[in-house]
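# Working through the structure, step by step
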Amino acid sequence: MTDRKIDYLVHGGGPLRGRIRVPGDKSISHRAVMFGALAEGETRVTGLLEGEDVLATLGAFRAMGMRAEGPADGQLLIHGVGLRGLRAPAEAIDCGNSGTSMRLLAGILSGQPFSTTLTGDASLRRRPMNRVITPLSEMGSRIEAAENGRPPLQVHGNAQLRGIHYALPVASAQVKSAVLLAGLFADGETCVTEPAPTRDHTERMLHGFGYPIRREGQTVCLRGGGRLHGTTIQVPADISSAAFFMVGALICPDSDLVLEHVGVNPTRTGIIEILTRMGGRIDLLNLREVGGEPVADIHVRSSRLTGIRIPEKLVPLAIDEFPAIFVAAACAEGETVLTGAEELRVKESDRIAVMADGLQRLGVDARPTADGMVIRGGPIGGGEVESHTDHRIAMAFSMAGLVAREPVRIHDCRHVATSFPGYAELARSAGLSLSVEEGR
Ligand code: S3P
């Protein structure tokens, strides 16, 4: 990522029309690199997200002895080292902005016969890690953290981990995955029970690598000591990146946009369900399965949206999409009420506080609550908002700028590169009037 600050300046634009493909799924890309590294033999990945977060994961495994060719044009060839083949890295591993890298790596490193330091940028160093430290310690790993369980983490691995049965206190796919990954190195069975369904890419991909894993209701279990076998992985486009364009096309008159080849795993489609309940015209075309993940082309047309009370059970299924959903709510008739979403406060930024603040600056009636937000739709004015170095906040406000009455300047958008390299160009090609300027 460039150290230079950049701002987005949006002068409206639209309608959003045509067919576009957003970059590869971030969650699947991280896991493709991790599992490819831990597998025996070669893993060929296509459609890999070449965003900063995934590159941090790739750098971590290269530092631990994995060889890989690429990535170039989304293609990566990984030469796996096997479950017991990682070597201690020479230096601390820098996870950058990426919570997924740090939490999943904490699980893998817990099973290694060496110690490693995991660090990250200012945003990541504010995020809670006790949620992984607690279960991994129970398995026999020793993890030291800074104050209040914040990074950097020193993971003192243990090649003789114990399998555990862990009931997740929060619905988190990252914590579930960290425990299951440690479970690969543990004696006996490791089971995780989730309070509500969360994204299941880890489970699907372990199956794809030939590793036995079973689910019963809300519990998923595996037994340590098996092997992963190199495979091929086609990463679909990221529904979390498509979300900004879905909202843009819904709120901007005369829009008619197709988002191609998007992953529509049912643990990720809360955004579609929420926007459809608000009156959004969204159709899934050409539904198919690619490499164990459902994929579709998503057709979105401008729609009159109405505020809703968002069912709490949809929150984990749309957890990364709330910045975009709040913009849709700001353009809907009536009130949208979100509850049960306190997790948004510990993402790359406090997404409740930061979105409420930015929406208010644009003249929207947005009231933050402890665990969500109440938004009354109305006209969006222009103004200046802060991204707080959060990629999804930057992209969400750029879509608000599509329908704003005056230009919208979004400060410090360089972190968009963590999940969506090429966003500004793709957004322009779809019809958004967005320029990238020297930050001020
Ligand atoms: C992710 C899980 C989610 C999500 C994050 C990616 C993953 O985090 O917010 O962007 O790849 O497992 P939590 O599991 O902590 O909710």
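Here the structure is a predicted model, which means the values were calculated and not measured.

Here the chain is partitioned into domain 1 (6–24 + 236–438) and domain 2 (26–234). The gap between the C-alpha centroids of domain 1 and domain 2 is 28 Å. Listed by partner, the interface residues are 28 residues for domain 1 and 26 residues for domain 2. Here domain 1 packs against domain 2, burying approximately 2300 Å² in sum over the two surfaces, 48% of which is carbon and sulfur.

Our focus in this paragraph is the sheet that holds strand E4 (residues 67–72). Strand order in this open sheet of four strands is E4-E5-E3-E16, and the pairing throughout is mixed. What marks the edges here is a single partner per strand, and that holds for E4 and strand E16 (232–234). Within the sheet, the average angular offset between the axes of one strand and its neighbour, ignoring direction, is 10°. Across three bridges, the pairing between strand E3 (residues 42–46) and E16 is parallel. In the sheet register, Val 45 faces E16, and the bridge partner there is Ile 233.

Another aspect to go through is the packing of aromatic side chains. All told, the structure shown has six aromatic pairs when counted by the stated rule. Here Phe 35 and Phe 209 contribute two aromatic rings whose centre-to-centre distance is 6.0 Å and whose plane-to-plane angle is 90°, an arrangement assigned as edge-to-face. Here Phe 35, found in helix H1 (residues 26–38), pairs with Phe 209, found in the loop between helix H6 (201–208) and strand E14 (214–216); they are 174 residues apart in sequence, far enough to count as distant. Through pairs of rings, three or more aromatic residues link up here, namely Tyr 8, Phe 245, Phe 420 and Tyr 423.

Running from N to C, helix H7 (residues 239–251) and helix H9 (residues 322–330) cross one another at 5°; their axes reach a closest spacing of 9 Å. Classified by the angle between their axes, H7 and H9 sit roughly parallel to one another. Judged by residue contacts, Ala 243, Phe 244, Val 247 and Ile 251 of H7 engage Ala 324, Val 327 and Ala 328 from H9. Residues that form the contact of H7 with H9 fall into these classes: seven nonpolar, no polar and no charged.

Below, the discussion takes up the site of the ligand. The environment of the ligand is made up of Ser 27, Arg 31, Thr 100, Ser 172, Ala 173, Gln 174, Arg 199, Ile 319, Asp 320 and Lys 347. Interatomic distance of 2.7 Å between a side-chain N/O atom of Ser 27 and an oxygen atom of the ligand. Separating an oxygen atom of the ligand from a side-chain N or O atom of Asp 320 is a distance of 2.6 Å. Protein coverage of the free-state accessible area of the ligand, which is 390 Å², stands at 96%. Contributing elements (two or more residues each) for the shell around the ligand: H1 and helix H5 (173–183).

Turning our eyes to something else, we now look at unusual backbone geometry. In this structure, Pro 71 follows Gly 70 across a cis peptide bond, with omega equal to 5°. Mapped onto the fold, Pro 71 is located in strand E4. The omega torsion across Pro 151 and Pro 152 is 5°, close enough to zero to call that bond cis. The phi dihedral of Asp 412 is positive, around 60°, even though this residue is not glycine. Structurally, Asp 412 can be placed in the loop between strand E24 (408–411) and helix H12 (423–430). Asp 412 gets classed as buried once you look at its relative accessible area, which sits at 11%.

A separate point is the environment of Ala 32. Note on placement: Ala 32 falls in helix H1. Expressed as a C-alpha distance, the spacing of Ala 32 and Val 45, which sit 13 residues apart in the sequence, is 7.2 Å. Setting aside anything within four residues of it in sequence, one finds Ala 32 in contact with Val 45, Ile 78, Met 205 and Ile 233.

Let us now look at the state of the cysteines. Enumeration over the complete set of coordinates arrives at one disulfide. Disulfide partner of Cys 191: Cys 221, at an S-S distance of 2.2 Å. Across the S-S bond linking Cys 191 and Cys 221, the dihedral sits near 110°, which makes this disulfide right-handed. Note that Cys 191 is positioned in strand E13 (residues 189–193) and Cys 221 in strand E15 (residues 219–223), a separation of 30 residues in sequence. Each of the two residues, Cys 191 as well as Cys 221, counts as buried. The thiol of Cys 252 is unpaired, and the distance to the nearest cysteine sulfur, on Cys 331, comes to 9.7 Å. Overall, the relative accessible area of 4% leaves Cys 252 in the buried class. With no disulfide of its own, Cys 413 lies 18 Å from the sulfur of Cys 331, the closest cysteine sulfur. Here Cys 413 falls in the buried class, since its relative accessible area comes to 2%.

The rules behind each value
- Residues numbered from 1 in each chain as written.
- Predicted model: local features only at pLDDT ≥ 70, side-chain atom pairs only at ≥ 80, totals over all residues.
- Heavy atoms only, no water.
- Domains from an automatic or database assignment.
- Contact = heavy atoms within 4.5 Å.
- Buried area = accessible area lost by both parts, 1.4 Å probe.
- Pairing = 2+ DSSP bridges.
- Helix = DSSP H or I, 4+ residues; strand = E, 2+ residues; numbered from the N terminus.
- Axes fitted to C-alpha atoms, helices over the stretch in contact; angles between N-to-C directions.
- Phe/Tyr/Trp six-rings, centres within 6.5 Å; stacked < 30°, edge-to-face > 60°.
- Parallel < 35°, antiparallel > 145°, perpendicular 65-115°, else oblique.
- Nonpolar A, V, L, I, M, F, W, Y, C, P; charged D, E, K, R; others polar.
- Near = heavy atom within 4 Å.
- Polar contact = N/O pair within 3.5 Å; in protein donor to acceptor, adjacent residues only side chain to side chain.
- Areas by Shrake-Rupley, 256 points an atom, 1.4 Å probe, with all protein chains shown as cover.
- Buried < 20%, exposed > 50% of the residue type's maximum accessible area, 1.4 Å probe, protein only.
- Disulfide = S-S within 2.5 Å.

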